[in-house]
Amino acid sequence: MDDLRIAVVGIGATGAVLAAALLKQNPETILVDPRPGLAGEVRKNGLKISGELAYHVPVRHFFERIEEMKDRRPNLIFVSTKTFHLPSVLEALKEVFEDGTKIVSTHNGLGTEDLIAEAFGGEAAFRMSLNFGVSLKGPGEVAIAFFNRPNHLGGMISENREMGLRIAEVFSAGGLDTEFVDDIKLYVWKKMIMKCTMSSICAVTDKTIEEALTFPPTREIADACFQEVLAVAKAKGYDLGEDYLAQAMVYLKKVGIHKDSMCFDIANKTRTEIDYLGGKVVDYGRETGVPTPCYATMANLVKAVEDKYLG
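Read on for a plain summary of the structure. (Residues numbered from 1 in each chain as written. Predicted model: local features only at pLDDT ≥ 70, side-chain atom pairs only at ≥ 80, totals over all residues. Heavy atoms only, no water.)

### Details of the packing of aromatic side chains
Next up, step 1: A full pass over the atoms with the stated rule returns 4 aromatic pairs.
Next up, step 2: Ring geometry for Phe132 against Phe147: centres 5.9 Å apart, planes inclined by 85°, an arrangement best described as edge-to-face. Highlighted residues: Phe132 in strand E9 (residues 132-138) and Phe147 in strand E10 (residues 141-147), separated in sequence by 15 residues. Both residues of the pair, Phe132 and Phe147, count as buried.
Next up, step 3: The ring of Tyr187 has Lys190 lying over it, and the distance from NZ or CZ to the ring centre is 5.1 Å.
Next up, step 4: The side chain of Lys236 reaches across the aromatic face of Tyr284, ending 4.3 Å from its centre. (Phe/Tyr/Trp six-rings, centres within 6.5 Å; stacked < 30°, edge-to-face > 60°. Helix = DSSP H or I, 4+ residues; strand = E, 2+ residues; numbered from the N terminus. Buried < 20%, exposed > 50% of the residue type's maximum accessible area, 1.4 Å probe, protein only. Lys NZ or Arg CZ within 6 Å of the ring centre and 35° of its normal.)

Next comes the structure, spelled out in structure tokens:
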């Protein structure tokens, strides 16, 4: 694939950062997001990224619907929506998908790359595990609170290695350090064990990660959840070893002053991504026969809180 025609679907906080890095290298990168008024703001002001990384890049191509970019025939598509939008996004992408197109999930959650593979085949599916924290300041304006370099990227089949190396090079050249790895699911598990455990605890208690880990009652819940999810990961073929938890705590200490994004979902009374976080761990536990009572409790509590305002 000599001619990369890139698109980013979902220009929230994460998508804006990815798009900015891509636009720096490829000004023809296409942006897609349906939120009313966003296209006009971004066309006028570009994307502005501050904090650990800084970008201010103009945007030439912005569409409100996926189908509108069909004539531009994108062949490398990054999906940065909320996880619960992924099924409908993949359905819409069938209108623009051509043989050889690659689709990259950049979501927080477990199993999103599998949905792409189910819809378009393993040869089309890639996954990124992102190691930066962001917050949305305004339309197309994002602050990066931290970036624990590098991000990781991988494909679902070995034949995609060359393409994966190329994608990683584009991001790194744009300032967003990215490393291609042969087993991306390993890196997803390494990150998601922490994310899946802490997101529901922080969301229900409205505590920062640091507060949840230093308050004995919530630390007790976290420790139990960690043991459950490590057992689930092992049953799925990923034994992370005895040192993983110690390393995880070092990482969480670095980011601990921040609240998990699910806290803001609940504060803003918007839908959470619990089904692809704690809920997915529970699903995998049932699939593999690993009990997950603490995980199930925390996931159900988030769903109960969510149901209270969503009805």
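Here the narrative resumes, following the displayed structure.
### Here's the deal with helix H11 (residues 278-288)
Next up, step 1: Those residues of H11 that sit buried are Gly278, Gly279, Lys280, Val281, Val282, Tyr284 and Gly285.
Next up, step 2: Buried residues along H11 sit in contact with helix H4 (112-120), helix H6 (184-205), helix H8 (216-235) and helix H12 (293-310).
Next up, step 3: Following H11 by one or two positions, Gly289 has its phi on the positive side, about 80°. (Contact = heavy atoms within 4.5 Å.)

### Looking at the sheet that holds strand E2 (residues 30-32)
Next up, step 1: In space, the 8 strands of this open sheet follow the order E5-E2-E1-E6-E7-E8-E11-E12, with mixed pairing throughout. The open sheet has two edge strands, strand E5 (61-63) and strand E12 (178-180), and neither has a second partner. Strand-to-strand twist across the sheet, computed as the mean angle between neighbouring axes with direction ignored, equals 20°.
Next up, step 2: Here 3 bridges tie strand E1 (residues 6-9) to E2, and the two strands are oriented parallel to one another. Paired with Val9 across the bridge in E2 is Val32. (Pairing = 2+ DSSP bridges. Axes fitted to C-alpha atoms, helices over the stretch in contact; angles between N-to-C directions.)

### Structural notes on the side chain of Thr218
Next up, step 1: In this fold, Thr218 is placed in helix H8.
Next up, step 2: Look past the residues within four positions of Thr218 in its chain and what remains in contact with it is Ile201, Thr205, Lys207, Glu211 and Ala212.

### Overview of the sheet that holds strand E4 (residues 55-57)
Next up, step 1: Sheet architecture is open: 4 strands sit in the order E4-E3-E10-E9, paired in mixed fashion. Looking at strand neighbours, the two that pair on one side only are E4 and E9, the edges of this open sheet. Each strand axis lies, on average, 20° off the axis of its neighbour in the sheet, ignoring direction.
Next up, step 2: Where strand E3 (residues 47-51) lies against E10, 4 bridges are found, and the strand directions are parallel. Bridge pairing in E10 links Lys48 to Glu141.
Next up, step 3: Packed on one face of the sheet, helix H1 (residues 13-25) meets E3, E4, E9 and E10 and runs near 100° to E9.

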